[in-house]
Amino acid sequence: DGSTNVPEPKVRPGATLEMPEQLLRLAVDHAELIDGMLQWNEEKIKLQGMAEDVAVELVYKLGNSAANHHYDGSVKVGKVRVLLPELEPLTLSVAAEFRLYRDRVDVPRMRMSEGKSWVEAAGAVSELNSPVAQFKYRAAADLGELAGLARYSRLRGGTVQLNGQGTYRWER
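So, how was this worked out
- Residues numbered from 1 in each chain as written.
- Predicted model: local features only at pLDDT ≥ 70, side-chain atom pairs only at ≥ 80, totals over all residues.
- Heavy atoms only, no water.
- Helix = DSSP H or I, 4+ residues; strand = E, 2+ residues; numbered from the N terminus.
- Buried < 20%, exposed > 50% of the residue type's maximum accessible area, 1.4 Å probe, protein only.
- Contact = heavy atoms within 4.5 Å.
- Areas by Shrake-Rupley, 256 points an atom, 1.4 Å probe, with all protein chains shown as cover.
- Phe/Tyr/Trp six-rings, centres within 6.5 Å; stacked < 30°, edge-to-face > 60°.
- Lys NZ or Arg CZ within 6 Å of the ring centre and 35° of its normal.

**Digging into the overall build of the protein chain**
- A tally of regular secondary structure across the protein chain gives 1 helix and 8 strands.
- If you list the helices and strands of the protein chain from N to C, you get β-β-β-β-β-β-β-α-β.
- Reported as C-alpha extents along the three principal axes, the dimensions of the protein chain are approximately 65 × 35 × 35 Å.
- Across the 172 residues of the protein chain, 22% fall into the buried class.
- Across the protein chain, contacts joining residues at least 24 apart in sequence account for 47% of those joining residues at least 6 apart.
- Carbon and sulfur atoms make up 53% of the accessible area of the protein chain, which totals about 12,200 Å².

Printed below as a string of structure tokens:
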């Protein structure tokens, strides 16, 4: 029917719209991934990396109707360093906020940055049985940094800026 099966927590008696139920609050100074593996279809990709200054928060909020009850979440990572085979190490900072409803996911803000390059996006995914994603984005990239990551020494500098919006519809 296009809705999620994410369970709703038991709400405290007397809870109101103004009193969210805090479910998770996590902070980690330093974490490492050693000998990790990502399996993408038939391909196995080795992963190694570390993360610093990680903060995750998840609350449950009542809406003015049952359809508007939702989870609010945020994720912030001050520094993520990922080592991928055959590529230069990638060091990012990430911050995102999301809302998970029974029938849609909203992402009011997401930002990733690496050096002088960054991407900001916001959007929503609805109609979960045949998903429709609508999003807006802005980005700026330092071409010298990107060329270094890709090991392309001929490109030494420059900047590119992007901004736009899109819709993706998955049909069975």
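Following the structure, the description resumes.
**Focus on the packing of aromatic side chains**
- Enumeration according to the criterion identifies 2 aromatic pairs in this entry.
- Residues Tyr-60 and Tyr-71 carry aromatic rings whose centres are separated by 5.0 Å and whose planes lie at 65° to one another, so their mutual orientation is edge-to-face. With Tyr-60 in strand β2 (residues 43-61) and Tyr-71 in strand β3 (residues 70-83), the pair connects residues that are 11 residues apart, well separated along the chain. Grouping residues by exposure puts Tyr-60 and Tyr-71 together as buried.
- When the ring of Phe-135 is compared with that of Tyr-137, the centres are 6.4 Å apart and the planes differ by 35°; the resulting orientation is tilted.
- Phe-135 sits in the partly exposed class, given a relative accessible area of 37%.
- In this structure Tyr-137 comes out as partly exposed when scored by relative accessible area, which is 32%.
- Sitting over the face of the ring of Tyr-101, Arg-104 holds its NZ or CZ atom 3.7 Å from the ring centroid.

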